[in-house]
Every structure is written in C-alpha cells, then in structure tokens.
Amino acid sequence: MRTEGSDAPVAVDRGLWMYGVVPAGLTPPGAVGVDGEPIEVVRAGEVAAVVSWMSLDRPPGRKAELLAYHGVLDVLARNGPVAPVRFGTVMADREAVVEFLEVQEGELAEVLALLEGRRQFNLRATYVEDAVLAEIVTLDPEIRDLHERTRDLPEDASYPDRVRLGELVVRGLEQRGAEDAALLLDTVLPRVVEHVDRTASNPSVVLDVALLVDESQGDELVHALEGLAEAVHERIRLELVGPMAPYDFAGAF
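Counting restarts for each chain, with residues numbered from 1 along the sequence as it is written. Residues qualify for local features only when their pLDDT is at least 70, as the model is predicted, and side-chain atom pairs are given and counted only at 80 or more; totals for whole chains, interfaces and linings, by contrast, use all residues. To obtain the side-chain values, all non-hydrogen atoms of the structure were included, while hydrogens and water were left out.

**Focus on the overall build of the protein**
Quick note on the threshold: A run of H or I in DSSP becomes a helix once it reaches four residues, and a run of E becomes a strand once it reaches two; helices and strands are each numbered from the N terminus. Exposure classes here rest on a 1.4 Å probe applied to the protein chains alone. A residue is buried below 20% of its type maximum, exposed above 50%, and partly exposed in between. Whether two residues are in contact is decided by their heavy atoms, any of which lying within 4.5 Å being enough. Computed by Shrake-Rupley with a 1.4 Å probe, the accessible areas treat only the displayed protein chains as cover when residues are assessed.
When you go through the protein residue by residue, the secondary structure sums to 7 helices and 10 strands. Expressed as a percentage of the 253 residues in the protein, the buried residues total 41%. A sequence separation of at least 24 residues applies to 74% of the contacts in the protein between residues at least 6 apart. Split by element, the accessible area of the protein, about 13300 Å² in all, is 52% carbon and sulfur.

Okay, here's the thing in structure tokens:
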C-alpha cells in the first residue's frame, strides 16, 4: 500500500474528493480538480483512487464541481481504464480512501479489466415531430377521421374527440418509436460491446442509450451513424456524444 501527494498536516475542514478508480500503475496526468486543487493518486494493491483535496465549508454539488469531476474523469479515460466513483463522494483522509479500495479491490480490478481499451458514447434519437405526426395522421384512418372532425370545432364542443385523438397519437408514437428504435439498434449493437438503455417515457424520444465501444470500433460506429443520420434526417435527429469516461458501465461505487 502506498500513497502519493503532500504529507503536510491536513486541517479537519478538508476532505478528499474522489473522481474514479484506475489501475495502480497509472501515472497521474497533470490536471486540476475541484477548487483548482491538483489531483493525487492513492494506491491499494492493484487499484488506485484519483482524488484531490477540497474544502468542506459547503455540501458538494455545485455546477463547478460537476464540471471539474467530468473534466478529470475524461482526462483519465484518455490515458487508460477508469471506473468513475459516484459524484459527490468525499473521504475524510487517505486512510479512508485506502479502506474503500481494499474492501472492493477484487471487484474494482474486474471492472477495470472490462473497461480496458473501451470508451463510452451516448446516442440520443428524437423525432422531428411535425414530420412523424403527419405520418401518423396519414396512415391511421381513425386518427385521420378525428383530426378532420376536430380541426375546425371549438375545443369545448370537441373535447371527448380531442382526448381520444391525443390518446391515439401517443399510442401511435410509442408503437412507431419501438419500431424505429429497433431499426437504429440493428445498426448500433453489432459495433458495441455493451449498451444501457436510458430512454425516458417520452414519445418524442426514439432512443437514448449509453454505448460501451472498443477504441478500435469508434470510427466505424461514427461512420455508420453518419450514414444513418443522413438516411433518416427528415423524421429523426441523431446526436452522438463522446468518447467519454464510462459512467454507465463502471458499477455503483
């Protein structure tokens, strides 16, 4: 067990902000974290935690801290595997960090082995609502009839029909969304190691997934999605963000 960093006495009003866990052999990049403090590496066996000192004069959670947290993790991810630690995790001192690592060393080492050579991308697909709603109205006779019937009537006079129309449109969007999501995944999944579905119950969102991708497959994934985006752009917008640290694939630490 070995720690790096200043051995100067630490005031009790400071703690160690934890960013992520990395292999013990990592040389920390020259980066700063929360409050502009330099990052340090605390080692225990085969794994190490990347940390920096922070003042405890307020609870963690400010936007600046979130940006620093993501910034450090994305720098680390460019240098090797990293398992992000839950945002806002603060330890009292280096001894507490070492205990955290020792208790979970085996599990952490397995996660880092899984993440070696892999990065996360986030893919979000949303409908161009006017285009898709026009499709639904055109293709569904009941929706088309209700749309025509209520178009020129006052809202009070057509309330039951408008409620029914809204229900049918939402159901149509959900059905179409499931079909379109499956088609998108047919393109994506052969090019990824693992995926996590984060799609919310919003019928205008076709797909929202985190993708774990081998670094060697990143360019191929981007190229395939560029072609797909061109093919569906009139009705679906695709947004791909990454590469980034594997926030959705590191477990709950």
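**Some points on the packing of aromatic side chains**
Inclusion rule: We call Phe, Tyr and Trp rings a pair once their centres come within 6.5 Å, taking the six-membered ring for Trp, and we label the pair stacked below 30 degrees between planes, edge-to-face above 60, and tilted otherwise.
Summed over the entire model, instances satisfying the criterion amount to 4 aromatic pairs. Pairing Trp 17 with Tyr 19 gives two aromatic rings, centres 6.4 Å apart and planes at 45°, and the pair type is tilted. Judged by centre distance (5.3 Å) and plane angle (70°), the rings of Trp 17 and Phe 87 are edge-to-face. Note that Trp 17 is positioned in strand 2 (residues 14-23) and Phe 87 in the loop between strand 5 (83-84) and strand 6 (90-91), a separation of 70 residues in sequence. Put simply, the rings of Trp 17, Tyr 19, Tyr 69, Phe 87 and Tyr 247 touch in pairs and so form one group of aromatic residues.

**Topic: helix 7 (residues 218-232)**
Selection rule: By definition here, a helix of n residues has an expected span of 1.5 Å times n minus one. By arc we mean the arc of the directions from the helix axis to the C-beta atoms, nothing more.
With 15 residues, helix 7 should reach 21 Å at 1.5 Å per residue; the first-to-last C-alpha distance of 21 Å fits that figure. Listed as buried for helix 7 are Gly 218, Leu 221, Ala 224, Leu 225, Leu 228 and Val 232. Buried residues of helix 7 fall within an arc of 130° about the axis and therefore sit on the same side. The outward face of helix 7, more than 90 degrees from its buried face, is lined by the exposed residues Asp 219, His 223, Glu 226 and Glu 230.

**As for the confidence of the model for the protein**
Put simply, the rule reads: Here pLDDT means the predictor's own confidence in every residue, given as a number from 0 to 100.
Mean pLDDT over the protein works out to 85, with 88% of the residues at or above the 70 mark. Here residues 1-6 is a poorly scored stretch, pLDDT under 50, and it has 19 contacts once near neighbours within four places are set aside; other chains count.

**Quick word on the sheet that holds strand 10 (residues 236-244)**
The condition that has to hold: Pairs of strands are assigned from DSSP output, requiring at least two bridges between the strands. Each axis is a line fitted through C-alpha atoms, taken for helices only over the stretch in contact, and angles between the N-to-C directions span 0 to 180 degrees.
In space, the 4 strands of this open sheet follow the order 8-9-7-10, with antiparallel pairing throughout. Edge strands, defined here as strands with exactly one partner in the open sheet, are strand 8 (194-197) and strand 10. Between one strand axis and the next, the sheet turns through 20° on average, direction left out of account. Across 4 bridges, strand 8 lies against strand 9 (residues 205-214) in antiparallel orientation. Following the sheet pairing, His 195 is matched in strand 9 by Leu 211.

**So, unusual backbone geometry**
A cis amide bond links Gly 242 with the next residue in sequence, Pro 243, at an omega value of 5°. Relative to the helices and strands, Pro 243 is located in strand 10. At Asp 35, a residue that is not glycine, the phi angle is positive and equals roughly 60°. Residue position: Asp 35 is located in the loop between strand 2 and strand 3 (40-44). A residue is classified by how much of its surface remains accessible, and Asp 35, at 40% relative accessible area, is partly exposed.

**Topic: the environment of Gln 120**
Just so we agree on the cut-off: We call two N or O atoms a polar contact when they sit within 3.5 Å, provided that within protein one can donate a hydrogen and the other can accept it, with sequence-adjacent residues counted only if both atoms are side-chain atoms.
Tracing the chain through its elements places Gln 120 in strand 7 (residues 118-127). Of the residues examined, Gln 120 reaches a relative accessible area of 0% and is grouped as buried. It is 8.0 Å that separates the C-alpha atoms of Gln 120 and Asp 248, two residues lying 128 residues apart in sequence. Only 2.8 Å separates the side chain of Gln 120 from the side chain of Asp 248, close enough to count as a polar contact.

**Quick look at the pairing of strand 7**
The element strand 7 is largely enclosed, with a buried count of 7 among its 10 residues. As paired strands, strand 7 and strand 9 are joined by 9 bridges and run antiparallel to one another. Counterpart to Arg 119 in the pairing with strand 9 is Val 213. Relative to strand 10, strand 7 is paired through 7 bridges, and the arrangement is antiparallel. Residue Ala 125 lies in a different strand from strand 10, and its bridge partner there is Leu 238.

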